[in-house]
Amino acid sequence: MNNSAAFPEDLLQTLEEYQQTHLLTWWSELEPAQQAELVKQIREINFAQIQRLYSPGSASSEEAPAEKAERATRPATVVRLLDRESDSAELSKATEAGKQCLSEGKVGAILVAGGQGSRLGFPHPKGMYPVGPVRQTSLFQILVEQLRARAKQAGQPISYFIMTSDATHDDTVAYFQQNQNFGLADENLYFFKQGTMPAVDEETGKILLESKHRIAVSPDGHGGMLAALKNSGMFDVMRKQGIDTLYYHQVDNPTAIVCDPAFLGYHLQRNAEVSVKVVSKRSADEKMGVVCDVDQKTQIIEYSDLPSHIAERTDEAGQLLHWAGSTAIHVFNRDFLEQIADNDDQFPFHRANKKVPHIDASGSQITPEEPNAIKFERFIFDVLPVADTVLVYEIDREREFNPLKNAEGQDSPATVHAALNRIAGEWLTACGIEVPGDCPVEISPLLALDAEGLKSKVSADLTINGPLYLGE
């Protein structure tokens, strides 16, 4: 035993009040650094919140998602892809409005990058995964180059707010430093870390210990972004920079159109507080959250909460009633997100029963074979029903939604390579350049963001007879 420091009296009273004193079982055995770590973790816990979330009554007061789904209808405010393509005047007007907003410096981008590449067999943050079909360009580099190209087009810098997690933060920051931020200026790059929530024993509500000096925690979900933006001072940074519109996307989709002017323009013209990009679902059982209206409020129902008999419903034309699959690409009004961040009860937590390794009362390591704990997380799409106006905006899946999720099969490195290769090939073909079917091609966003932009950059007599990378 060491010369143990006294545990802070105010924290002890809190632990006693909420019956969580077991967290100090091994206090006297811990080294000073371990004691400091444990105190820091305990100080960060909102015990009243944990007690409220664990209480069986907290879940029963909420209507089950499956019950809500019974009343679901198609979203009311929708811009369909075919309608947009057939009304070029409206599309041009919206695109100009989006470009104007960008040129006034009012847009910031949020990138969610808290995930590891473990499902891909990649021992680093997923954003570092090499996905370019020719240069093995990483997800991070492709997205940052898009942002830089859009900023150059707008004549105004665009700040990138990148949300990491405990698991990815240090590696991500180091990766950007090693690569000089891929050309993004330091004053336009901000990292902030999503929060964590302690896991509790499902039988007792006691907070679990991962080890004698460390609490078992897990990320608080992508919805934790609001608290993280507030607590890290990022909302203050945005206000100072004059940013009032936020373009939100996730790191796993390299074909997302970062700060898409047309999408921004429709969002502004429809006076939406939140807009969401959707694709037409491939099938009723495709694993995507469904955007729908329930009681005149637009929301997203997770695929796991949508009973199959509802997912399979069709209209008179035989088309899926619930066709709109969420791509997790949004535009948010900054002041709307701030208002929710300041009113915590508007934003629910979800409970998930999980297997959480921990130590028991004797200090032995337990690796459960069945779910033993409750984890709490928030989903960013739960802000939708709070909004007065939500715009649902359909996009071309082939062009804009090619996420990297699995090691093999659908949404895998092979399908993402193919998508990037196909898009680059289509742009070159539109420029009158013949692309052999077996030749991989990759175009840096710094050279062009679309086929139209590429036309002035390449010669129509370009001959391709091997792998081709076109850079700045």
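Quantities reported herein were computed from a predicted structural model and do not represent experimental measurements.

Criteria and thresholds
- Residues numbered from 1 in each chain as written.
- Predicted model: local features only at pLDDT ≥ 70, side-chain atom pairs only at ≥ 80, totals over all residues.
- Heavy atoms only, no water.
- Helix = DSSP H or I, 4+ residues; strand = E, 2+ residues; numbered from the N terminus.
- Rg over C-alpha atoms; globule rule 2.2 N^0.38 Å.
- Contact = heavy atoms within 4.5 Å.
- Areas by Shrake-Rupley, 256 points an atom, 1.4 Å probe, with all protein chains shown as cover.
- Lys, Arg positive; Asp, Glu negative; His and termini not counted.
- Charge placed at Lys NZ, Arg CZ, Asp CG, Glu CD.
- Domains from an automatic or database assignment.
- Buried area = accessible area lost by both parts, 1.4 Å probe.
- Phe/Tyr/Trp six-rings, centres within 6.5 Å; stacked < 30°, edge-to-face > 60°.
- Buried < 20%, exposed > 50% of the residue type's maximum accessible area, 1.4 Å probe, protein only.
- Right-handed = clockwise from strand over helix to strand, strands pointing away.
- Pairing = 2+ DSSP bridges.
- Salt bridge = Lys/Arg side-chain N within 4 Å of Asp/Glu carboxyl O.
- Core = buried A, V, L, I, M, F, W, Y, C linked by side-chain atoms within 4.5 Å.

J.: Outline the overall build of the chain, listing residues and values.
T.: Looking only at helices and strands, the chain has 17 helices and 21 strands in total. Relative to the globule expectation of 23 Å for 472 residues, the C-alpha radius of gyration of the chain, 24 Å, shows essentially globular dimensions. Taking the principal axes of its C-alpha atoms as reference, the chain extends roughly 80 × 55 × 45 Å. Intrachain contacts of the chain at a sequence separation of at least 6 include 75% that bridge at least 24 residues. For the chain, the exposed area adds up to about 21700 Å²; of that, 47% sits on carbon and sulfur atoms. Once the 43 positive and 68 negative side-chain charges of the chain are each reduced to a mean point, those two points are 3 Å apart.

J.: So what about the domain arrangement of the chain? Which residues, and what values?
T.: Taken domain by domain, the chain comprises domain 1 (16–407) and domain 2 (412–471). Between the C-alpha centres of domain 1 and domain 2 there is a distance of 31 Å. On the side of domain 2, 20 residues touch domain 1, which itself brings 26 residues to the contact. Between domain 1 and domain 2, the buried area comes to about 1900 Å², and carbon and sulfur atoms account for 67% of it.

J.: Quick one: what's the story with the packing of aromatic side chains, residue by residue and with numbers?
T.: By the definition in use, this model includes 15 aromatic pairs. Geometrically, the ring pair formed by Tyr18 and Phe47 is stacked, given 6.2 Å between the ring centres and 20° between the ring planes. Here Tyr18, found in the loop between helix H1 (9–17) and helix H2 (32–43), pairs with Phe47, found in helix H3 (residues 47–54); they are 29 residues apart in sequence, far enough to count as distant. Looking at Tyr18, the relative accessible area reads 17%, which means it is buried. Residue classification places Phe47 among the buried residues on the basis of a relative accessible area of 6%. Between Phe263 and Tyr393 the ring centres are 4.8 Å apart and the planes differ by 45°, which places this aromatic pair in the tilted class. With Phe263 in helix H12 (residues 261–269) and Tyr393 in strand S19 (residues 390–394), this pair connects stretches of sequence that are 130 residues apart.

J.: Could you give an account of the pairing of strand S3 (residues 160–164), naming the residues involved and the relevant values?
T.: Side-chain direction in a regular strand flips from residue to residue, so the side chains alternate between the two faces of the sheet. Across the 5 residues that make up S3, a large majority, 5, are buried. The alternating pattern of S3 places Tyr160, Ile162 and Thr164 on one face and Phe161 and Met163 on the opposite face, and all of these are buried. Remark: the strand S2 (residues 107–112)/helix H8 (residues 139–154)/S3 crossover connection has right-handed handedness. Here S3 pairs with strand S4 (residues 189–193) via 5 bridges, running parallel. Bridge pairing in S4 places Phe161 opposite Tyr190.

J.: Account for the pattern of salt bridges, naming residues and giving values.
T.: Evaluated as defined, the whole model comprises 24 salt bridges. Across the salt bridge formed by Glu104 and Lys106, the nearest N and O atoms sit 3.1 Å from each other. The class of Glu104 is partly exposed, set by a relative accessible area of 40%. Given a relative accessible area of 32%, Lys106 falls into the partly exposed group. Residue Lys277 is joined to Asp260 by a salt bridge in which the shortest nitrogen-to-oxygen separation is 2.8 Å. Here Lys277, found in strand S11 (residues 274–280), pairs with Asp260, found in the loop between strand S10 (245–250) and H12; they are 17 residues apart in sequence, far enough to count as distant. Just as Lys277 is buried, Asp260 falls in that class too.

J.: Tell me about the pairing of S10, and please be specific about residues and values.
T.: Here S10 lies mainly inside the structure; 5 of its 6 residues are buried. With 6 bridges connecting them, S2 and S10 associate as parallel partners. The residue of S10 that forms the bridge with Ile110 is Tyr248. Where S10 lies against strand S14 (residues 324–333), 4 bridges are found, and the strand directions are antiparallel.

J.: I'd love a proper account of the nonpolar core, names of residues and values included.
T.: Within the largest apolar cluster, 50 residues are counted, with the highest numbers of intra-cluster contacts made by Val131, Phe140, Leu147, Tyr160, Phe176 and Cys259. If you tally residues by element for this core, the top one is H8, at 8 residues. Filtering out sequence-adjacent residues up to four positions away, Cys259 remains in contact with Leu102, Val107, Ala109, Leu147, Arg150, Ile158, Tyr247 and Leu264. In this structure, Phe161, Met225, Ile340 and Phe347 belong to the second largest nonpolar core, which totals 48 residues.

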